[in-house]
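A look at the structure
Spelled out, the chains give:
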Amino acid sequence: MIIPPPEVWGPCSESRVNLRPVDLGAALRAGLGRLGAPLVRAFQDESSTIEQRLFRGLTLVTGLLAILVVVPLNYPQRLPAFVNLSVCGFGLLALGLYRATFQGYYGMKLLFFIHVGNLDLIWFGNAGSHGSVGMFFFAAAMYLVIFFKGSTRWWLLALDLANWVALLTVERLRPEWVWPFPNPEARLLDLVTGFMLSTLVCVLILWVVLSAYHRERERLGASLVALGASEDRFRSLVMNAPIPLCVANLDGRLDYVNRSFVETLGYSEKDLPDLGACWEKVCPEPEQQALALLQWRQVSAQPTAQGAFVPPTEYVVVCKDGRRLPLEVQAALIGDQCLAMFTDLSERRRNEAAMRQSQKLESLGVLAGGIAHDFNNLLSAMQGNLNLAQMNLAPGAASGPYLEHLDDTIRKAAGLTRQMLAYSGKGRFVVEPLSLNHLVAEITNLLTVSISKKVRLDYNLASSLPVIEADPAQVQQVVMNLVTNASEAIGEDSGAITIETSLRRIEGPETQTVFSGQPVEPGDYVTLRVADTGCGMEPGVLARIFDPFFSTKSSGRGLGLSAMLGILRGHGAAIEIRSEAGQGSDFQVHFPASRAGLPAVGGTVPTKRMGRFQGKVLLADDEADLRLSFRDILEHLGFEVVSAQDGLEAVELFQPGEFALVLMDLTMPRLDGREAFLQMRNLDPEVKVILISGYSEQEAIDSKQALRPAAFIQKPFSLQILESVLERVLG
């Protein structure tokens, strides 16, 4: 053969050069892969059950074997035509069932009966082949065992066995009905063929079953590992949950309790083997036991699949150490187990009590503040008229001492109103940097003479304490109140009172627990501690010590500790009390520490310039008595007075440059002193306004409103104070 050179090849020849040698092995594997794809698809379809996959594979294998193997092997045996037709028809029906499985139809019983009928025809036309019938019977028996369950399996198996016995009986009684083998070699070929085909079918069945078994075992192992991990996570969540939990079976046996349960109640699983022991120890009261038993019966009587919940119910349980603890119990039925959850209500009860106390004190504070304001107006009118009477009184008059006594009475009444303002939380008065140690040292002598001679005062004052922003008079009242109460708690017995100062850091969580309901922010606090060795207080007394007019003394009266609480609230301070009957009391007052320094000591005292005043004054007050009293005083001092009954009328009367001074109350109807002052300042920025109020300057004048009056006077005030302020404002 002569091959032309490459340069004379044409286009067609060039295309042949690109052909690569064919890998016969790869092509054979590819062909077998394409042929075996339906078989793999039949046996490995994960969307179907094992039985469905096995049935689909068997219909495909038996159909192909019947058409492609059995029919060709029957020709050398010279069997009758109806045998091949029967085998071919069986194969086609099997393939039809294979296709039907993809539509959701699995005719397992139909295949069994077709298989039995086909074997009967083959037996009659195949010279009663005992080997073929036996092998196919074995295959049919395995088929029945795999695909059928219960009574269906047994009566089909009995039918198959009866069919085999019937064939053997017919062969013995009517041998002429059976088509004879043409020769001994054909009988041997039939035996070998039946054995091989039956063995192949059995091997395929075992291969599919064992493969599925191993896959299911691996999947089950992975599922068990995942289930164990999930159970460990669940158990860890339950055991480390921040609330007490326990798990019980429906028979009442406790499986386990978590760590919080043991820490809260003190009981472990050994202490509570079942619910009966649990109720007996934890709920000793018969009523609570009956309620718990009733709820448990209602839950356990419901079907486990339905699920049941026990609504939250409050119980007072007894802990292992004897403490009585209010708990809210709720439970859920999960399968055949009950999960019970316990919520400690102690903190909630304390917060609710603190909230109620805070709301009660707040409402009483509003009432006290309103009364103090009106009472201050009356005292101011009395003070003004008294000063006018004293100025017009002849020297040496017999009524002079009586008027001085009246002046003392008015000052005492003013002190009472200051207590009421303090209780309302508006008694901050004159706030300045203050050393708590210095204040305690200054009133040492006063404290000593105010208590029983049998009581000893012990001082433990920490050094280098920061200052506090406070009114010295009000803090002094707090110290005096605490010390005198401690002395009265000791009574006529000998005892000791400890006065101690220190620096304390209050963290965020404490503001919600220890100081719940008090105006406490996290930070540094200067602490005043007053502890005594007196009689102490019962819990009921301790809960009411801040109620107004409450006292354990037969002669008790006044605002007492409630006024002190108002002073502390006005200073942004907090109080902490520990007391037990017979164990004394321990009061700790915490003032916010300030970064400011103490004011410089010394300086010159301005000289009071005496003399009459001149000019026109605009006076605004809604109280007629006060307007009359203030007008008389101002006119006595030399002013020409124009009166207004509220802020709106004062603004209407005001003209820039006309008035040398404006004296105006803060609280008035229609238009209060703040708004009136702002409007006047818009008309005349140089206006000189003196604001007066029964409240303190810090509470009455809000710095956010940018009020900058020429001066502020708190009611009630004396003529001397008014003259001093007027001289300072007018120069």
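Residues numbered from 1 in each chain as written. Predicted model: local features only at pLDDT ≥ 70, side-chain atom pairs only at ≥ 80, totals over all residues. Heavy atoms only, no water.

Structural notes on the overall build of the protein chain
Put simply, the test is: Counting from the N terminus, the helices are DSSP H or I runs at least four residues long and the strands are E runs at least two residues long. Whether a residue is buried, partly exposed or exposed follows from its accessible area with a 1.4 Å probe, protein chains only, as a fraction of its type maximum: under 20%, in between, or over 50%, in that order. The contact criterion used throughout is that any non-hydrogen atoms of two residues lie within 4.5 Å. Accessible surface area values rest on a Shrake-Rupley calculation with a 1.4 Å probe, where residue burial reflects the displayed protein chains alone.
Scanning the protein chain from terminus to terminus reveals 24 helices and 17 strands. Burial status across the protein chain gives 42% buried among its 731 residues. Counting only contacts in the protein chain whose residues sit at least 6 apart along the sequence, the fraction spanning at least 24 positions is 66%. For the protein chain, the exposed area adds up to about 39800 Å²; of that, 59% sits on carbon and sulfur atoms.

Here we look at the pattern of salt bridges
Two side chains with opposite charge may pair up if their charged atoms get near one another. As a reminder, the rule being used: Any Lys or Arg side-chain nitrogen found within 4 Å of a carboxyl oxygen on Asp or Glu counts as a salt bridge.
The full count for this structure, using the stated rule, is 16 salt bridges. The partner of Asp586 in a salt bridge is Arg529, and the shortest N-O contact between them spans 2.9 Å. Taken together, the positions of Asp586 in strand β12 (residues 585–592) and Arg529 in strand β10 (residues 523–532) put the pair 57 residues apart, joining distant regions of the chain. When its relative accessible area of 13% is taken as the criterion, Asp586 is described as buried. Across the pair Asp646 and Arg670 runs a salt bridge whose closest N-O atoms are separated by 2.9 Å.

Some words on the environment of Ile545
Within the element layout of this structure, Ile545 appears in the loop between α18 (539–542) and α19 (561–570). As for Ile545 and Leu561, which are separated by 16 residues in sequence, their C-alpha atoms are 6.7 Å apart.

A few points about the packing of helix α16 (residues 472–490) against α19
Heads up, the rule is: Fitted lines through C-alpha atoms serve as axes, helices being fitted only where they are in contact, and the angles separating the N-to-C directions of these axes extend from 0 to 180 degrees. Two helices cross in a left-handed way if the nearer one is turned anticlockwise from the farther one by less than a right angle. They cross in a right-handed way if the turn is clockwise.
Put simply, α16 and α19 touch, their axes get as near as 10 Å, and they point 145° apart. Once α16 is placed against α19, the crossing between them reads as left-handed. Counting all contacts with α16, which are made through Gln474, Gln477, Val478, Asn481, Leu482 and Asn485, the residues of α19 involved are Leu561, Met564, Ile567 and Leu568.

Some details on the confidence of the model for the protein chain
Definition in use: Per residue, pLDDT measures the predictor's confidence, with a range of 0 to 100.
Residues of the protein chain with pLDDT of at least 70 account for 76%, and the chain-wide mean is 76. With pLDDT under 50 throughout, residues 1–22 is counted as low confidence; its partners more than four residues away or in other chains account for three contacts. Confidence over residues 554–559 falls short of pLDDT 50; this stretch has eight contacts with residues more than four positions distant or in other chains.

Remarks on the sheet that holds strand β16 (residues 689–693)
This is how the line gets drawn: DSSP bridges decide pairing: two strands pair if at least two such bridges lie between them.
Here five strands make up an open sheet; going across it, the order is β14-β13-β15-β16-β17 and the pairing parallel. In the strand order of this sheet, the two ends are held by β14 (640–644) and β17 (711–714), each with one partner. Within this sheet the neighbouring strands show an average axis-to-axis angle of 20°, counted without direction. The strands touched by helix α22 (residues 673–683) are β13 (616–620), β15 (661–665) and β16; relative to β15, the strand with the most contacts, the crossing angle is about 155°. Along the sheet, helix α24 (residues 719–730) makes contact with β15, β16 and β17, crossing β17 at roughly 175°.

With respect to the sheet that holds β10
Through backbone hydrogen bonds, the strands of a sheet pair up, either in parallel or in antiparallel fashion. Taken together, the five strands give an open sheet; going across it, the order is β7-β9-β10-β12-β11, and neighbouring strands pair in mixed fashion. Each end of this open sheet is capped by a strand with a single partner; those strands are β7 (455–461) and β11 (574–579). The average undirected angle you get between the axes of adjacent strands in this sheet is 20°. Relative to strand β9 (residues 495–506), β7 runs parallel, the two being bridged by seven bridges. Bridged to Arg456 within β9 is Ala496. Packed on one face of the sheet, α16 meets β7, β9, β10 and β12 and runs near 30° to β10.

Looking at the pairing of β13
Looking along a regular strand, one sees side chains alternate from face to face of the sheet. Keep this limit in mind: Note on handedness: a crossover is taken as right-handed if, strands pointing away from the viewer, the path from the first strand over the helix to the second is clockwise.
Summarising burial for β13: four of the five residues are buried, a large majority. Pairing analysis gives five bridges linking β13 to β14, with the strands arranged parallel. Considered in β14, the bridge of Leu619 is made with Ser643. After leaving β13, the chain enters helix α20 (residues 624–636) and then returns to the sheet as β14, a path that is right-handed. With four bridges connecting them, β13 and β15 associate as parallel partners.

What about the side chain of Thr511?
Selection criterion: What qualifies as a polar contact is a pair of N or O atoms within 3.5 Å, subject to a donor-acceptor requirement within protein and to the restriction that residues adjacent in sequence count only when both atoms come from side chains.
Here Thr511 shows up in helix α17 (residues 508–512). Only 2.5 Å separates the side chain of Thr511 from the backbone oxygen of Gly508, close enough to count as a polar contact. Each residue touching Thr511, except ones within four places of it in the same chain, is listed here: Ile506, Ser516, Val520, Glu521 and Pro522.

Here we look at α19
By the criterion of burial, α19 is predominantly enclosed, with nine of the 10 residues buried. When we look at burial in α19, the residues that qualify are Leu561, Ser562, Ala563, Met564, Leu565, Gly566, Ile567, Leu568 and Gly570.

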